[in-house]
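# Architecture at a glance
Chain residues, written in single-letter form:
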Amino acid sequence: MYENGGVLQETIDEIADVLGASATLEDRAFQLLAYAAQSGDIDVVRQESILRRRASDGVRAYFEGYGIATARGRVRIPADAELGVLARVCVPLRHQGVTYGYLWLLDDGTLTEERLDSVSGLVARAATVLAQEARRRRDLGGHLRELFSADAEERSWALSRLDLRGPVTAIAVRASADRVAPLWTLPRDVLADPGFPDPGPADRGEPLVALLAPAAHAWELAVRIQAMYGTAAGVGDARADPEEAWRSWREAVHALRVAGRVPQPAPVAAWSDLGVYRTLARLTPEALRELAAETGGLAADPELARTVEGYLDRAGHVQETAAALGVHRQTLYYRLGKAERLTGRDLADGEDRLVVHLALKAARLL
């Protein structure tokens, strides 16, 4: 999904040739874009970056500790023999005030400021290419509305404009009014739309962040994006065929309705892990309220509701429930009897137990 890899490789080759130094080009997420070797010098960090196509979180934290994320100019990073790190120069690739990536140059002591100035034009070219790629990715992300549409023609139109390969997974994240996540730092094979309209029946008037990612990295990505916004995220099931991505999106939205509202999972929920909530999340708010009303007076007594739910979650095992709640069995019997009087339901009856159990689960979603 990266169209300008050839231009970047040519640029990094030219920089390395002019300076006589080994060079590496990475995006803001520390993913390797291009590299050129001018000597046999290589350290653990550079080797890892080339082999894994990206730097580890530990390496990223190490270098960001030198302030490269906010630096407006070159940053010289000294060698560290204990960590096996060679001296290098980091050149942030900035375009119109935004950092889109980093140029790394191994420094044998010959990279003077004057020599580095000689490649300023090439550095500017690389920054411009990365900025154009970020803009292109934003444009591609806009096609998610058609790709996730219920209309087959709109989906077909979107697929004709996207280079997608399965399996893929959709992710829905609740946006935040006071946070703007740097989505351009996401891996290049991830599509994102930060202003996606909420298609759910309980639309809060807040947009969603819609993402489509390779299935293998979807959960890790969802956790990362949720942390950026500090809200909640839902993850759909993987689809081998990108034409079915819209189904994964529907699942992600339903999972988002559950995330953060039940003890597990929170604040990121996967559709495949929701159990009974897969059914409840599909209900309209009105249907949920009607079902939750079956809890009767339990809603006014949180401790009693928790007791009954724990009892039903454990299939009516008194000893196991009492141990989990830390109460005596007689206390549990007393509470269950009180719950039966409040709900008008017999907890020894299978159908009554099912109604109360579902009602308590529905109440959590409200």
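Just above sits the structure.
So, a few notes on the structure that sits alongside this text. (Residues numbered from 1 in each chain as written. Predicted model: local features only at pLDDT ≥ 70, side-chain atom pairs only at ≥ 80, totals over all residues. Heavy atoms only, no water.)

## What to know about helix α12 (residues 302-313)
Here α12 spans 16 Å end to end across 12 residues, near enough to the 16 Å set by a 1.5 Å rise per residue. Listed in full, the buried residues belonging to α12 are Leu304, Ala305, Thr307, Val308, Glu309, Gly310, Tyr311 and Leu312. In the stretch just after α12, alanine 315 is the one whose phi turns positive, near 55°. (Helix = DSSP H or I, 4+ residues; strand = E, 2+ residues; numbered from the N terminus. Expected span 1.5 Å × (residues − 1). Buried < 20%, exposed > 50% of the residue type's maximum accessible area, 1.4 Å probe, protein only.)

## Considerations on the environment of arginine 341
Tracing the backbone through its elements, the reader meets arginine 341 in helix α14 (residues 329-343). In the structure, arginine 341 is positioned 45 residues away from glycine 296 in sequence and 9.6 Å away in space, judged by C-alpha atoms.

## Some remarks on the packing of aromatic side chains
Evaluation of the coordinates by the stated rule reveals nine aromatic pairs. Arranged with centres 5.1 Å apart and planes meeting at 75°, the rings of tyrosine 62 and phenylalanine 63 form a pair that is edge-to-face. Tyrosine 62 gets classed as partly exposed once you look at its relative accessible area, which sits at 22%. Residue phenylalanine 63 is classed as buried on the basis of its relative accessible area of 2%. Grouped by ring-pair contacts, the aromatic residues Phe30, Tyr62, Phe63, Tyr66, Tyr102 and Trp104 constitute a single cluster. Between arginine 145 and the ring centre of phenylalanine 196, over which it is positioned, the NZ or CZ distance is 5.8 Å. (Phe/Tyr/Trp six-rings, centres within 6.5 Å; stacked < 30°, edge-to-face > 60°. Lys NZ or Arg CZ within 6 Å of the ring centre and 35° of its normal.)

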